[in-house]
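# Structural features, examined
For reference, the chains in residue letters:
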Amino acid sequence: MKLINCPVNGTRPVGEFVFGGEFREMPDPGQCGDSEWASYVHHRSGAPGMKKEWWYHAPSGTWFIAERNTMTEEITRTYLFGQEEDK
Amino acid sequence: MSMRLPRSAGEWINRDKAVRFSFEGKEYTAYEGDTISSALWAAGEKVLGRSFKYHRPRGVLSFANHDVNVMLTDGLDTNIRGDVVAVRNGQKLMAVNTDGGVRDDKNKYIDSISGVLPVGFYYKAFHTPRRLFPFWENVIRKAAGLGVVNFNFPRVTKKKLNSHCDLLVIGAGPAGLSAALIAAEAGLDVIIVDENQRAGGSLSYDRAGSSELGAKLAELLDMVKKMPNIQLHTGAYAAGYYTDHLIPIVGADGITKVRAKSVIVASGAFEQPPVFRNNDLPGVMLGSAAQRLIYRYGTKPFNKGVVVTANDHGYRVALDLVEAGIKVAALVDLRAASEGGTLMNEVMRKGVAVHTGSCVYEAVPAKGKFGVEGAVICPYDEATASADPSKAITMECDGIAMSAGWAPAAALLYQAGTAMRYDEAVQQFVPAKLPAGVFAAGKVNGVFDLVQRVHDGARAANEALRYLGKSAPQVDVAPHEGASPSHPYPIVPHPDAKNFVDFDEDLQVKDFINAAKEGFDNIELMKRFTTVGMGPSQGKHSNMNAIRILARIRKLPVEKIGTTTARPFFHPTPIGHLAGRGFHPHRLTPLHGWHEAAGAEFVEVGPWLRAAYYKKPGLSKLDIVQEEALAVRQTAGIIDGGSLGKFELQGPDASQFLERFYAGSFGSQKIGETRYALMLDETGVVVDDGVVSRLGEESFYVTVSTSNAAAVYREMQRWLQIWKLGVGLTNVTGAYSLINVAGPRSRQIVGKIAPLDLSDKAFPYGAIRETEIAGVPVRIIRVGFVADLAYEIHVAAGYARYVWEALVAAGEGHGLRPFGTDAQRLLRLEMGNHLVGHDTDGLTNPYEIGAEWAIKMGKPFFVGQRSLKIIAKRPLKKRLVPFMLAEGYREEMPQECNLVIEGGEIKGRTTSIAFSRSVGRVIGFAYVDPAQAQPGTQFQIRTDSGAMVKATVVKAPFIRAQQGA
């Protein structure tokens, strides 16, 4: 993973990107219990495998989602948040 | 005695140019193109170095960059590799691992006591008694390591280049050249890299006495030359494989990072020595080393030699030796009679006696072990790997060429994640499953026949073409036929040992047997216990034999033993090649030049350089900072705050966005008003703070701290995307400059050149006004971070210097003085303002710093709110309090991060501490037990020396507390 395909700017070297953490769906803060919320903010699975992650292309200020296999370091696809279906 | 052969076509030396150098004080003459080893060997020198552990004399082994016993220093560089580095005019060379020179090395006695230094002895011998360990450590450290580093080296900046291609071919042998030609003909941009000074691989030395192959090579190279889309780099090695086909190519003068769309590894194989007693003497060398000496450097490996082999290659070596006019006393083949084939007949026709089913039982050392006198030859039983010395004969010779097999140069394939399997037909590990876009061809792929290697290169190229989406034909490569190029177990036992497996680390067969007996019988454990493959050649000539020995000990197939992975770099790479240029860009504010002229000392804050203080002759930094701070307290000061993060938010949802993003309330904020903004992360931890100014119904201006500006902007962008709000967000950090005029006289100074009413009533604390100064449009915010009365002037960066100078001029006669970040830190502390990131850490929640007032829990949502609801239910563990030390405190000054201790328990720590002239006391912030947070409470700080210092909790701000006291 030395190259990342930014959905807006195309393939760029990894040095231009900032890792933004695992992507998680936020539970409804008004409805969820304390432990569910604590799990959302604190618990991460470190097991290698496919992860959905936030990445940021710093020179252009583009946030996007990357699906990355942390075992093989392969990024299978990238897309803008909310535009998963378009790909 | 010169060992030079007559001039021959294709040799790598230029006999028209002489090179003069010295080795161990003696003068030599060689030719341009000679390596240090070939130059010395041609001059008849055989003792070129001493081994690492036993200090045995060593000569040449491979001429393939793993002759690590021949490492030299010229006084400046160290560990120069004699076998591959070209000798230069005027060089004064010394071998690195001797005490008194290669011939009279005082450490040679170690060889005679090697019996009491078994493998792993130092793990066992020196750890008790413990008090003696420092003594032994000193001895071991002196013995360990090879060359001596010259710390007085000149700074040499090596090139760092980037290159891109469709296909990178590693290795310019027959397979690599064939692959490159096929790929280039199909239109790919191809780079070929080869670590040798010239291309050709085995074609440049493995000739079996025929001149045909030399012609074939010339023809191939001519074709390569004609292809404009092939770049051939020789004298440079592919140093490692990194994800997405990023491969650093290391040359003599720098590094080129090649980003390839596909890679063919055609890196060949390392010849492996058979193991017999004294196989390390100068004059005993690999068959391919003898061939390289003959064809590349026009030098005889010896005058009368014995060839010991366990494959067909030994016969080819014998033919090359005979062709060069060297007497071959015998060819000794470990294998039974039938396997030599046509090559055997050819060798016998040349008059060479062939001894099949035999081994070299030991090499007979010449005086001082400085060479070989003879070879003891006796029958050898392959099935039991045992020799029968009772039938030994001794053949007189001055050299032995060894050819027993090969190990693939597969380091880069391993690094790329290739699964390897052991192929019985060639007795070698070969790729079983390659990663996408990586291909292997030639010997590294287990293909040894020359015609098939060319086919294999073509096959790999066509696979690469298909991988890149082009159509390409299938090429079939015939499976290996005939005798295996590698012998499954070329190991000859000997009761007196000194049958070396690893020449770097002086490891003998018995060391492996002993390691296994002690339980280190897994290849990874054995590697670490014996140190096999951990020397400078990284196992290139030793790992395969070690695996074979371990397999035999454990009675397992070789495949079950597996291999260790060679990490980058493939060959040792000088640090200078890796070191960067110190490319560390700084952002400068538009006022930087003014600060420089005013004698500022700068400090890095995030990416920015800011003025820390302004030097004054005769005054210490501490005094200057106190003076600058006092000016702000008594008259006025001016500071450049241009590095602060500045963002503009426009749009119908702008206030909605700020409500969600920050903890405070912004929906009700009035135009012309500013509000403190506390930023939390989702876990409720304080990550930044800033000021939000409302310029219009749908227009906000936000300032955030310098070092967090990029991260805050990023988070704003992310949440905007998630919330899908109608907000335009612009980062105006560089577009706006910020000048803060602070102190009791600031109103008069700003009032002189700003056409607006600055009275408390018209322009109260916390207000923002859009106006002009000296005719330039500005935004002014009435702030209170460093002083009760202060004006923050925001101006387009291009006008910053003009406005700054106008303010400085207006300040004349008012005691206006520029101050830097050091004074600013003290001033904000005096004001009782904590700094996020300095007085808080990655776990601090707002309740711990008393920031409840900045949180609006009643809002529907803000980042961190849900977590705060959980945190609020729990008891507070610590609390940040302002404190003072006793009046006139003169003892050891507590430092930031000194612990707050109560009843032997750690309760907290100091986060800020400084002496303030205005207050007349040492003041600071500390985390304490919440039970001790009440003003007037005393607590104890433990200093660096362990002394306990009493501190008293006070009310902030300190300057008012002082006035009230």
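Keep in mind the model is a prediction, meaning the values are calculated, not measured.

Turning our eyes to something else, we now look at the overall build of chain B. In terms of helices and strands, chain B carries 25 helices and 49 strands. Over its C-alpha atoms chain B spans a radius of gyration of 38 Å, topping by over 25% the 30 Å that the globule rule assigns to 965 residues. Counting only C-alpha atoms, chain B reaches 115 × 70 × 55 Å along its principal axes. Here the contacts in chain B between residues at least 6 apart in sequence split such that 66% fall between residues at least 24 apart. Summing over all exposed atoms, chain B offers an accessible surface of approximately 39,600 Å²; the carbon and sulfur share of this is 53%. Across chain B, the mean location of the 110 positive side-chain charges is 3 Å away from that of the 99 negative side-chain charges.

This part is about the overall build of chain A. A count of helices and strands for chain A gives one helix and six strands. From first element to last, N terminus to C terminus, chain A shows the α and β order β-β-β-α-β-β-β. The burial tally for chain A puts 38% of its 87 residues in the buried class. When the accessible surface of chain A is summed, it comes to about 4,800 Å², and 48% of that surface belongs to carbon and sulfur atoms. Of the side-chain charges in chain A, 9 are positive and 13 negative, and the distance between the mean point of each set is 7 Å.

Residue and element names in this part refer to chain B. Position of Val317 among the secondary structure elements: in helix α8 (residues 313–323). For Val317, a relative accessible area of 1% corresponds to the buried category. In sequence terms Val317 and Ile249 are 68 residues apart; their C-alpha atoms lie 31 Å from each other. Dropping the residues within four chain positions of it, Val317 is found in contact with Gly287, Gln291, Ala401 and Ser403.

For an α-helix, the turn length of 3.6 residues means that residues three or four places apart are oriented alike. Residue and element names in this part refer to chain B. Where helix α13 (residues 523–530) is concerned, the buried positions are Ile523, Met526, Lys527, Phe529 and Thr530. Taken together, the buried residues of α13 touch α3 (121–125), β29 (507–508), α12 (509–517), α14 (543–554) and α15 (558–561). The distance from a side-chain oxygen at the start of α13 to the backbone nitrogen of Glu524 is 2.7 Å, and the residue carrying that oxygen is Asn522. Looking one or two residues past α13, Thr531 carries a phi angle of roughly 65°, positive in sign.

Here we take up the interface of chain B and chain A. The interface of chain B with chain A comprises 21 residues on the first partner and 23 residues on the second. Buried area between chain B and chain A, summed over both chains or domains, comes out near 2,000 Å², and the portion from carbon and sulfur atoms is 57%. At the boundary of chain B with chain A, the tally comes to three salt bridges. For the salt bridge of Asp34 of chain A with Lys873 of chain B, the shortest nitrogen-to-oxygen distance reads 2.5 Å. Across the contact surface, chain B and chain A share 13 residue pairs in polar contact (both at pLDDT 80 or more). Here the side of chain B that touches chain A takes eight residues from helix α20 (residues 709–723) of chain B, the largest share from any one element. Taken together, the residues that form the side of chain B that touches chain A break down as seven nonpolar, five polar and nine charged.

This next bit is on the packing of α12 of chain B against α14 of chain B. Residues and elements named next belong to chain B. Running from N to C, α12 and α14 cross one another at 45°; their axes reach a closest spacing of 10 Å. Between α12 and α14, the angle falls in the class oblique. Every pair of crossing elements has a handedness; the one defined by α12 and α14 is right-handed. Two secondary-structure elements touch here, α12 through Val509, Phe512, Ile513 and Ala516 and α14 through Ala546, Ile549 and Ile553. Split by residue class, the contact of α12 with α14 holds seven nonpolar, no polar and no charged.

Applying the stated criterion across every chain, the model contains 55 salt bridges over all chains. Two residues, Arg77 of chain A and Glu67 of chain A, come together in a salt bridge whose shortest N-O distance is 3.2 Å. Note that Arg77 of chain A is positioned in strand β6 (residues 74–79) and Glu67 of chain A in strand β5 (residues 62–69), a separation of ten residues in sequence. For Arg77 of chain A, a relative accessible area of 29% puts it in the partly exposed group. A relative accessible area of 15% places Glu67 of chain A in the buried class. Here Glu362 of chain B makes a salt bridge to Arg277 of chain B, at a shortest N to O gap of 3.8 Å.

Backbone hydrogen bonds are what pair the strands of a sheet, in a parallel or an antiparallel way. Residue and element names in this part refer to chain B. The strand order across the open sheet formed by five strands is β15-β23-β16-β17-β18, and the pairing between neighbours is parallel. For this open sheet the edge positions go to β15 (284–286) and β18 (354–356), each flanked by a neighbour on one side alone. Direction aside, the axes of adjacent strands within the sheet are offset by 20° on average. Helix α7 (residues 287–297) rests against β15 and β23 (399–403) of the sheet, and its axis sits at about 90° to β15. α8 contacts β16 (304–309), β17 (327–333), β18 and β23 of the sheet and is inclined by roughly 175° relative to β17.

Attention now moves to the side chain of Thr706 of chain B. All names here are of chain B. Along the chain, the position of Thr706 falls in the loop between β37 (699–704) and α20. For Thr706, a relative accessible area of 7% translates into the label buried. Looking at Thr706, its side chain comes within polar contact range of the side chain of Ser643, at 2.9 Å. Apart from the residues within four sequence positions on either side, Thr706 is in contact with Val605, Trp608, Arg610, Ser643, Leu644 and Gly645.

To describe a pair of aromatic rings, one takes the distance between the centres and the angle between the planes. Within this structure, the stated rule accounts for 31 aromatic pairs over all chains. Measuring from centroid to centroid gives 5.7 Å for Phe23 of chain A and Trp54 of chain A, while their planes differ by 55°, and the two rings are tilted. Of this pair, Phe23 of chain A sits in the loop between β3 (17–22) and α1 (34–42) while Trp54 of chain A sits in strand β4 (residues 50–57); the two residues are 31 residues apart in sequence, bridging distant segments of the chain. Since its relative accessible area comes to 13%, Phe23 of chain A is described here as buried. Residue classification places Trp54 of chain A among the buried residues on the basis of a relative accessible area of 4%. Aromatic side chains Tyr422 of chain B and Phe429 of chain B sit 5.1 Å apart centroid to centroid with 70° between the ring planes, which places their arrangement in the edge-to-face category. As far as burial versus exposure is concerned, Tyr422 of chain B and Phe429 of chain B are alike and both buried. Three or more aromatic residues link up through ring pairs in this structure, and these residues are Phe657, Phe661, Tyr662, Phe666, Trp719, Trp723 and Phe861 of chain B. A cation over an aromatic ring shows up here: Arg552 of chain B above the ring of Tyr489 of chain B, its NZ or CZ 4.0 Å from the ring centre. Across the ring face of Tyr701 of chain B, the terminal group of Arg779 of chain B is positioned such that the distance to the ring centre comes to 4.6 Å.

Take the nonpolar core next. All names here are of chain B. Ranked by size, the top nonpolar core spans 135 residues in total, and within it Leu168 and Ile400 carry the most contacts. Setting aside its immediate chain neighbours within four residues, Ile400 contacts Phe276, Gly283, Val284, Met285, Phe302, Val306, Val308, Val360, Ala363, Val372 and Ala375. Counting residues in each nonpolar core, the second largest holds 45 residues, with Val732, Ile768, Val836 and Phe958 among its members.

Let us look at the side chain of Arg459 of chain B. Tracing the backbone through its elements, the reader meets Arg459 of chain B in helix α11 (residues 450–467). Apart from the residues lying within four places of it in its own chain, the contact partners of Arg459 of chain B are Ala440, Ala441, Asn445, Val475 and Val477 of chain B.

The rules behind each value
Residue numbers here run from 1 along each chain, matching the order of that chain's written sequence. For this description, chains carry letters from A and ligands carry numbers from 1, given in the order in which they are written. Given that this is a predicted model, residues contribute local features only at a pLDDT of at least 70 and side-chain atom pairs are listed and counted only at 80 or more, while totals for whole chains, interfaces and linings are drawn from all residues. Calculation of side-chain values draws on the structure's entire complement of heavy atoms; hydrogens and water are dropped beforehand. Here a helix means four or more residues in a row that DSSP labels H or I, a strand means two or more in a row labelled E, and each is numbered from the N terminus. The quantity called the radius of gyration is restricted to C-alpha atoms. Its globule counterpart is 2.2 Å times the number of residues to the power 0.38. Contact between two residues is taken to exist if any of their heavy atoms lie within 4.5 Å; hydrogens are not considered. With residues, only the protein chains shown are counted as cover, and all accessible areas are computed by Shrake-Rupley using a 1.4 Å probe. His is not counted here, nor are the chain ends, while Lys and Arg score as positive and Asp and Glu score as negative. Positions of charges follow a simple convention, taking NZ of Lys, CZ of Arg, CG of Asp or CD of Glu. Type-normalised accessible area, obtained with a 1.4 Å probe on protein chains alone, sets the label of each residue: buried when under 20%, exposed when over 50%, and partly exposed for intermediate values. Under this definition, polar contacts are N or O atom pairs within 3.5 Å; protein pairs additionally need one hydrogen-donor-capable and one acceptor-capable atom, and for neighbouring residues in sequence, both atoms have to be side-chain atoms. Accessible area that two parts lose when put together, evaluated with a 1.4 Å probe and summed over both, is termed the buried area. Any carboxyl oxygen of Asp or Glu within 4 Å of a side-chain nitrogen of Lys or Arg constitutes a salt bridge here. Polarity classes work like this: nonpolar for Ala, Val, Leu, Ile, Met, Phe, Trp, Tyr, Cys and Pro, charged for Asp, Glu, Lys and Arg, and polar for all others, with Gly in that last group. Only the stretch in contact is used when fitting a helix axis, every axis being a line fitted to C-alpha atoms; angles between N-to-C directions are given from 0 to 180 degrees. Note on angle classes: values under 35 degrees are labelled roughly parallel, values over 145 roughly antiparallel, values of 65 to 115 roughly perpendicular, and the remainder oblique. It is the rotation of the near helix from the far one that decides the hand of a crossing: anticlockwise by less than a right angle makes it left-handed, clockwise makes it right-handed. A pair of strands is labelled paired if DSSP reports no fewer than 2 bridges between them. Pairs were defined over the aromatic rings of Phe, Tyr and Trp, the Trp ring being its six-membered one, requiring ring centres within 6.5 Å. Orientation was assigned from the angle between planes: stacked under 30 degrees, edge-to-face over 60, tilted for the rest. A ring is considered to have a charge above it if a Lys NZ or an Arg CZ atom is located within 6 Å of its centre and within 35 degrees of its normal. For our purposes a nonpolar core is just a set of buried Ala, Val, Leu, Ile, Met, Phe, Trp, Tyr and Cys residues, chained together by side-chain atoms within 4.5 Å.

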